[in-house]
Amino acid sequence: MGDTTEKTEIGPKLGSRLGAVEEMVKSAQCIADIGCDHGYLSIALLKNHKASRVIACDIHAGPLTQARENAGLYGTTEDMDFRLGDGLKVLKEGESNAGVIAGMGGPLALRILYEGRAIVADWSQVVLQIQSKIALVRFVLKKWGFVTDDERMVTEDGKFYTVMSITPPGKTFAGYSLSDTDEEETGFEEWLDRAEKELSEASTEERCEYTYGCRLMKDKSPVLSKFLDKEEERLLALSESLEQKPEEESVGERLAELSGEMEILMLAKWRMYGK
């Protein structure tokens, strides 16, 4: 997902989404920008002295070509590598010591981390900006031993985005295997489906933390507060709509699901502002 192309003396002017990602990145010798799109974040990391070198990676040739052209405009070409490929498969062990994954769905980001765990084991920090299934991402990261150091929610163009800074568990993650936890070898998608089912069976308190984020609630994030209000409106409207169709199959089941979601949401509000 691309941000503004507005140019400043110190680099591209990022929107609030990528701006929050850039601010959350700690200084590192070499940062891998996975899914770099047009390269604006990579360039900003160099211009703001967050990295001495950036490896800009993307699975699509078009955006990577544009990233190379933008690097030329900002004078950062010599400090960047441009690699075409899937996830972390284009990286070598030990050549980067931090990473950014922004603008991807949750399951895809988790697959990238798992398949590249030998690379991630060398990283001191990962900054994630996930587009979907954030509760599942938080749940799986905890299972894998990642520690959430910081979390922030921002808005851009009327949409809400969550940015997370996490610390990998080191070499223990490099040796992690799905087959170690199952009687027989399991594919990643199947394993993730089982993890999602496990999350759905967690307590209301646990699901609240995974859905809305412990740190965001503890910090009483004003953006999270607005998001909760919008979510409440959405759930109420959806429930009212379904109640008008009692004859349709599965309406009762869906209403029960919405009731559970509302319970989690109200608990989040209580944790932020309740006495």
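Here's a quick rundown of the structure. (Residues numbered from 1 in each chain as written. Predicted model: local features only at pLDDT ≥ 70, side-chain atom pairs only at ≥ 80, totals over all residues. Heavy atoms only, no water.)

Remarks on helix 1 (residues 16-24)
Quick reminder of the rule: A 1.4 Å probe rolled over the protein chains alone gives each residue an accessible area, and that area as a share of the maximum for its type sets the label: buried under 20%, exposed over 50%, partly exposed in between. Counting from the N terminus, the helices are DSSP H or I runs at least four residues long and the strands are E runs at least two residues long. In what follows, residue pairs with any heavy atoms lying within 4.5 Å of each other are defined as contacts.
Counting buried positions along helix 1 gives seven out of nine residues, so the element sits mostly inside the fold. Residues R17, L18, G19, A20, V21, E22 and M24 constitute the buried set of helix 1. Residues of helix 1 that are buried in the fold lie against helix 2 (40-47), strand 6 (98-104), strand 7 (126-130), strand 8 (147-156) and strand 9 (159-167).

Here we look at the sheet that holds strand 7
Note the cut-off: Strands were regarded as paired on the criterion that DSSP finds at least two bridges between them. The axes are straight lines fitted to the C-alpha atoms, using for helices just the contacting stretch, and the angles between their N-to-C directions are given from 0 to 180°.
The seven strands are arranged 5-4-3-6-7-9-8 in an open sheet whose pairing can be described as mixed. A single partner strand is all that each edge strand has here, and the edge strands are strand 5 (80-84) and strand 8. The mean inter-strand angle of the sheet, taken between neighbouring strand axes irrespective of direction, is 15°. Sheet topology places strand 6 next to strand 7; five bridges connect them, and they run parallel. Directly across from I101, in strand 7, lies its bridge partner L128. On top of the sheet, helix 2 reaches strand 3 (28-34), strand 4 (51-58), strand 5 and strand 6; it is set at about 175° to strand 4, its chief contact.

Regarding the pattern of salt bridges
This is how it is decided: Whenever Lys or Arg places a side-chain nitrogen within 4 Å of a carboxyl oxygen from Asp or Glu, that contact is recorded as a salt bridge.
In the structure shown here, the tally under the stated rule is 21 salt bridges. The salt bridge involving K89 is made with D86; its shortest N-O contact spans 3.5 Å. The partly exposed category is assigned to D86, whose relative accessible area is 23%. In this structure, K269 engages E232 in a salt bridge whose closest nitrogen and oxygen atoms are separated by 2.6 Å. With K269 in helix 12 (residues 251-273) and E232 in helix 11 (residues 222-243), the pair connects residues that are 37 residues apart, well separated along the chain. Connected through shared salt-bridge partners, E231, R234, R254, E257 and E261 make up one network.

Overview of the packing of helix 6 (residues 134-144) against helix 9 (residues 204-212)
The line we're drawing: Roughly parallel covers angles under 35 degrees, roughly antiparallel covers those over 145, roughly perpendicular covers 65 to 115, and oblique covers all other angles. Amino acids are sorted into nonpolar (Ala, Val, Leu, Ile, Met, Phe, Trp, Tyr, Cys and Pro), charged (Asp, Glu, Lys and Arg) and polar (every other residue, Gly among them).
At a minimum axis separation of 7 Å, helix 6 and helix 9 run at an interaxial angle of 105°. Of the possible angle classes, the one that applies to helix 6 and helix 9 is roughly perpendicular. Counted together, I134, A135, R138, F139 and K142 of helix 6 and E209, Y210, T211 and Y212 of helix 9 form the full contact between these two elements. Grouping the constituent residues of the contact of helix 6 with helix 9 by class yields five nonpolar, one polar and three charged.

Remarks on the packing of aromatic side chains
Condition: Two rings from Phe, Tyr or Trp (for Trp, the six-membered ring) form a pair when their centres are within 6.5 Å of each other. A pair whose planes differ by under 30 degrees is stacked, one over 60 is edge-to-face, and the rest are tilted. Both a distance and an angle decide whether a charge sits over a ring: NZ of Lys or CZ of Arg must be within 6 Å of the ring centre and within 35 degrees of the ring normal.
Evaluation of the coordinates by the stated rule reveals 13 aromatic pairs. Pairing Y114 with F188 gives two aromatic rings, centres 5.5 Å apart and planes at 20°, and the pair type is stacked. Of this pair, Y114 sits in helix 4 (residues 106-115) while F188 sits in helix 8 (residues 188-200); the two residues are 74 residues apart in sequence, bridging distant segments of the chain. Taken together, the ring pairs connect Y114, W144, F146, F173, Y176, F188 and W191 into an aromatic cluster. Directly above the aromatic system of Y161 lies the positively charged group of R17, at a separation of 5.8 Å from the ring centroid. Directly above the aromatic system of Y114 lies the positively charged group of R117, at a separation of 4.0 Å from the ring centroid.

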